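Here are the chains, one letter per residue:
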Amino acid sequence: MINRIVKGLRDLARPVGQSVFAVLVGLSIGALIMIISGNNPIAAYYALFKGAFGSLSGWLQTLTFATPLMLTAITFAVGMKAGIFNIGAEGQVYIGAVGAAWVGGWIALPAGLHVAAATAFGMLFGVLWALPAALLKIWRGVHEVISTIMFNWIAFYFAIFLVGHLAGERAELTKPAMTSARYAVLGESLTSVIFVVIALCILVYILLWRTRTGYELRLAGSNPDAARYAGISVRRAILISFIVGGLAAGLAGAAQVLGGHPSWALFKGMGNVANYGFMGIGIALIGRNHPIGGIFAAIFYGGLLNGRIAMQAEAGVYSELVYVILGIIIISLAIPDLLAIVKKRFK
Amino acid sequence: MGKMCLDFKKVSKIFAHFQRKKFSVPLIGLAAIVILLYGLEQAGLKIPSLIEMSLLVMTPLGLAAVGESINQKAGLINIGLEGIFLISAVIGVYAAVKIGSGVLGVLIGTLAGAFIGLLFAVICVYGRANQIVAGMGINIIAIGFVPFFMLTVWRSWLLTIPQFQISALFYNPIRLQPVTVLAIIAAILASILLYKTLFGLRIRAAGEKPEAVDVAGVRVDRIRLFTATLGGALCGLGGAFLALGWFGGIVKEISAGRGFIALACVVCAGLRPLRALGFAFMFGFAEALAVTIAILYKDILPENFIYMIPYIVTLVAVIIVGKAMFPRAIGKPYVRE
């Protein structure tokens, strides 16, 4: 038993080391950019991490930012496991949020059932938006990078259009979700939707590593020829990866609305859902395309998203820099042996 | 009678020749556009403004697509075109304002694109990086870098600089931008380079059978560094054109997915530069036409649906073309044994 744990930890050390190293590269280049633009990186990072992790309220806000990231990371990670670059989480989040805002704000249902129904509709809408790209890939061989990006842009304008029709008294957002459709507030902006999200992460983990379907999906992704030889349908694996991805991204959209204290609505310019899909790509990579790894990566990056507000206010560094840092982390993680290359150079 | 038969044979021979040369797709497309133009003229639409807008849309798409065609032929796939568009646009505008010249702004934007392309190649060739992930990294850096840069320098997400907009070559019968001409020249040169020169043969071989190129004593890594840098430069020129030739300023999402539409041009064209330019024009024309018609019916059609048109057109095109033929070694790092 102890041997197994030790072995497990040893297996974990390498991927975790690579992720930590990539994060350090990202933060260092971020610091370099701050110096070039005339800011003090030490003061900036101090403000950032103090704001993100320095207090209980900071932690609660960080977890709030982390919640949708855990899900959009799953969308990309499950795609990667099936050998697919599904970068369509962005649009699926928008449409999922529309679904949740519609059922949550406009359809009166009994308490308990309402929040479940609104969440389910968000997830359903996410899947519906994910399916066309999957079917195009399967039937016509359309590259998913192109199709999902096109669907993201179509979703953006479609969601803006739909928000206009779902607006209540204020035109710039949907009618807020009714009290019966809201998740309970735990403190600051964090709501109980995070438990649903973590449950989904665990379910996806079980699906991928503890079921036959998950095994087939991973084999189809890592070695499609072997999978075909073993009689596994690669197309089925692709379809499943898109469906799971759509469910997760749709839930992310629903979480931003039904767990979106204090507005409980979707903003017309997609302000409260934008970029989570793209950030999910980086979170998935930091979390080594693993749903549980994604939870920790999301908490780290949720911290950057939270702390950047303090960074901008106290150190004068514009908060958009955290996207640059994420992009650099992604590129560092794209290089499989970066740590080994650097080690060799400095020996 | 006999003469007619001969003619028919001749025609079918010419047709077969074109089919063999795979000219048929753009030719049919061109014929369709000409017929359509005639119909539109009859319907009372302004053809010159339609062509003008098509060329505007075509220019950045075509430049990026031509560069990426060469790049993919050599075995590298860079999906960071969107990011290169954005970064070179903002750098180009910064340089134009700083130096006080739109032309120099375009030049520096091009260099910025070349630099990113080179960096991408170094990461992929020597770091053996996953190319799709690295390309997406470029895009995400751009999402942050452009607003960060604009806020740090100008304290604003929007900047208009009509005084530095590069001027057109001529205005009659249509306004023609110099960069548009460059895009057409680039496509022709790229086609000659790829299919008529020894170096082009080596580029194509680097994408199909890198080990054979290596055995022949030619460095695969240098070929790929060159094509990626060239691809980045052309994409950078497109991005700088977006800001300095077309918009006359910059907003933080100036490219609005056009980098991926350029990628679709490459895929639809089967990696042939001239055809890629043809598809860029077709996308431009479809966008211009759809927008013109949509504006006529704007009381019925909500504006958000008008904005969707370029992306829907792109989707339709990739659905019709279907699975693209890529070089055998695309996306795979080459490791010498």
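None of these values were measured; they are calculated from a predicted model.

Conventions used here
- Residues numbered from 1 in each chain as written.
- Chains lettered and ligands numbered in written order.
- Predicted model: local features only at pLDDT ≥ 70, side-chain atom pairs only at ≥ 80, totals over all residues.
- Helix = DSSP H or I, 4+ residues; strand = E, 2+ residues; numbered from the N terminus.
- Rg over C-alpha atoms; globule rule 2.2 N^0.38 Å.
- Buried ≥ 20, exposed ≤ 12 C-beta atoms within 10 Å, placed from the backbone.
- Contact = placed C-beta atoms within 7 Å.
- Expected span 1.5 Å × (residues − 1).
- Core = buried A, V, L, I, M, F, W, Y, C linked by C-beta atoms within 7 Å.
- Axes fitted to C-alpha atoms, helices over the stretch in contact; angles between N-to-C directions.
- Nonpolar A, V, L, I, M, F, W, Y, C, P; charged D, E, K, R; others polar.
- Bend = angle between axes of the 7 residues up to and from the residue.
- Parallel < 35°, antiparallel > 145°, perpendicular 65-115°, else oblique.
- pLDDT = per-residue confidence, 0-100.

As for the overall build of chain A
Here comes step 1: Within chain A, the secondary structure is distributed over 14 helices and two strands.
Here comes step 2: In terms of overall size, chain A behaves like a compact globule, its C-alpha atoms giving a radius of gyration of 20 Å where 347 residues would be expected to give roughly 20 Å.
Here comes step 3: Sorting the 347 residues of chain A into buried and exposed places 56% on the buried side.
Here comes step 4: Pairs at least 24 apart in sequence give 78% of the contacts found in chain A among residues at least 6 apart.

Comments concerning the overall build of chain B
Here comes step 1: Along its length, chain B carries 13 helices and two strands.
Here comes step 2: Radius of gyration (C-alpha) of chain B: 21 Å, near the 20 Å computed for a compact globule of 337 residues.
Here comes step 3: A principal-axis box enclosing the C-alpha atoms of chain B has dimensions of 75 × 60 × 35 Å.
Here comes step 4: The 337 residues of chain B split such that 51% are buried.

Notes on helix H10 (residues 220-247) of chain B
All names here are of chain B.
Here comes step 1: For H10, with 28 residues, the first-to-last C-alpha span of 39 Å sits near the 40 Å given by 1.5 Å per residue.
Here comes step 2: Most of H10 sits out of view: 24 of its 28 residues are buried.
Here comes step 3: Looking one or two places after H10, you find Gly-248, whose phi comes out positive at around 65°.

What about the nonpolar core?
Here comes step 1: The biggest cluster of nonpolar side chains holds 241 residues, and the ones touching the most others in it are Ala-73, Ala-159, Leu-258 and Ile-330 of chain A together with Val-90 and Cys-265 of chain B.
Here comes step 2: Top element by residues in this core is H10 of chain B. It accounts for 15 residues.
Here comes step 3: Those residues in contact with Val-90 of chain B that lie beyond four places of it in its chain are Val-146, Phe-149, Met-150 and Ile-250 of chain B.

As for the environment of Val-115 of chain A
Residues and elements named next belong to chain A.
Here comes step 1: Counting through the fold element by element, Val-115 comes out in helix H5 (residues 113-140).
Here comes step 2: Residue classification places Val-115 among the buried positions, given that 27 C-beta atoms sit within 10 Å.
Here comes step 3: Along the primary structure Val-115 and Tyr-183 are separated by 68 residues, whereas in three dimensions their C-alpha atoms are 7.2 Å apart.
Here comes step 4: Setting aside residues no more than four positions away along its own chain, Val-115 makes contact with Ser-180, Ala-181, Arg-182, Tyr-183 and Leu-258.

Overview of the environment of Ala-108 of chain A
Residue and element names in this part refer to chain A.
Here comes step 1: Here Ala-108 shows up in the loop between helix H4 (89-106) and H5.
Here comes step 2: A tally of 9 C-beta atoms within 10 Å means that Ala-108 is categorised as exposed.
Here comes step 3: Separated by 192 residues in sequence, Ala-108 and Phe-300 place their C-alpha atoms 37 Å apart.

Topic: the packing of helix H7 (residues 193-210) of chain A against helix H12 (residues 291-315) of chain A
Residues and elements named next belong to chain A.
Here comes step 1: At a minimum axis separation of 8 Å, H7 and H12 run at an interaxial angle of 145°. Listed contacts from H12 to Ile-198, Cys-201, Val-204 and Tyr-205 of H7 are Pro-291, Ile-292, Gly-294 and Ile-295.
Here comes step 2: Looking at the contact of H7 with H12 residue by residue, the class counts come to seven nonpolar, one polar and no charged.

Description of the interface of chain A and chain B
Accessible area lost when the parts come together is the quantity often used to give the size of an interface.
Here comes step 1: Taken together, the 38 residues of chain A in the interface contact 38 residues of chain B.
Here comes step 2: Residue assignment for the side of chain A that touches chain B shows that the elements contributing at least two residues are H5, helix H6 (144-166), helix H11 (276-286) and helix H13 (321-334) of chain A.
Here comes step 3: When grouped by side-chain class, the residues that make up the side of chain A that touches chain B number 29 nonpolar, seven polar and two charged.

So, unusual backbone geometry
Here comes step 1: Omega for the peptide link from His-261 of chain A to Pro-262 of chain A comes to 10°, which places this bond in the cis form.
Here comes step 2: Following the sequence through the fold, Pro-262 of chain A ends up in the loop between helix H10 (234-258) and H11.
Here comes step 3: Unlike most non-glycine residues, Arg-288 of chain A shows phi in positive territory, near 55°.
Here comes step 4: In this structure, Arg-288 of chain A sits in the loop between H11 and H12.
Here comes step 5: One non-glycine residue, Arg-155 of chain B, adopts positive backbone phi at about 55°.
Here comes step 6: Mapping Arg-155 of chain B onto the fold places it in the loop between helix H6 (131-154) and strand E1 (158-160).

Focus: helix H1 (residues 2-36) of chain A
Residue and element names in this part refer to chain A.
Here comes step 1: With 35 residues, H1 ought to run about 51 Å at 1.5 Å a step, and its terminal C-alpha atoms sit 50 Å apart, in line with that.
Here comes step 2: Its axis deflected by about 30° at Ala-13, H1 carries its strongest bend there, up to four residues before the proline Pro-15.
Here comes step 3: Where H1 is concerned, the buried positions are Gln-18, Ser-19, Ala-22, Val-23, Val-25, Gly-26, Gly-30, Ile-33 and Met-34.
Here comes step 4: Its buried side turned inward, H1 meets helix H2 (41-53), H11, H13 and helix H14 (338-345).
Here comes step 5: Within two residues after H1, Gly-38 carries a phi angle of roughly 85°, on the positive side.

Looking at the packing of helix H3 (residues 47-73) of chain B against H10 of chain B
All names here are of chain B.
Here comes step 1: The interhelical angle for the contact between H3 and H10, taken along N-to-C directions, is 170°, at an axis separation of 7 Å. Between H3 and H10, the angle falls in the class roughly antiparallel.
Here comes step 2: For the contact of H3 with H10, the per-class residue count stands at 15 nonpolar, seven polar and one charged.

Quick word on the environment of Phe-305 of chain B
Residue and element names in this part refer to chain B.
Here comes step 1: With respect to the helices and strands, Phe-305 occurs in helix H13 (residues 303-321).
Here comes step 2: What makes Phe-305 partly exposed here is the crowd of 17 C-beta atoms within 10 Å.
Here comes step 3: A C-alpha to C-alpha distance of 9.9 Å links Phe-305 and Val-291, two positions 14 residues apart in sequence.

Some words on the confidence of the model for chain B
Residue and element names in this part refer to chain B.
Here comes step 1: Looking at chain B, the pLDDT average stands at 85 and 91% of residues meet or exceed 70.
Here comes step 2: Summarising per-element confidence for chain B, the mean pLDDT is lowest in helix H1 (residues 2-20) (52) and highest in helix H5 (residues 102-125) (94).
Here comes step 3: Residue range residues 1-6 is modelled with pLDDT below 50. Its contacts to residues more than four positions away, or to other chains, number zero contacts.
Here comes step 4: Under the prediction, the complex receives an ipTM of 0.91, its pTM being 0.89.

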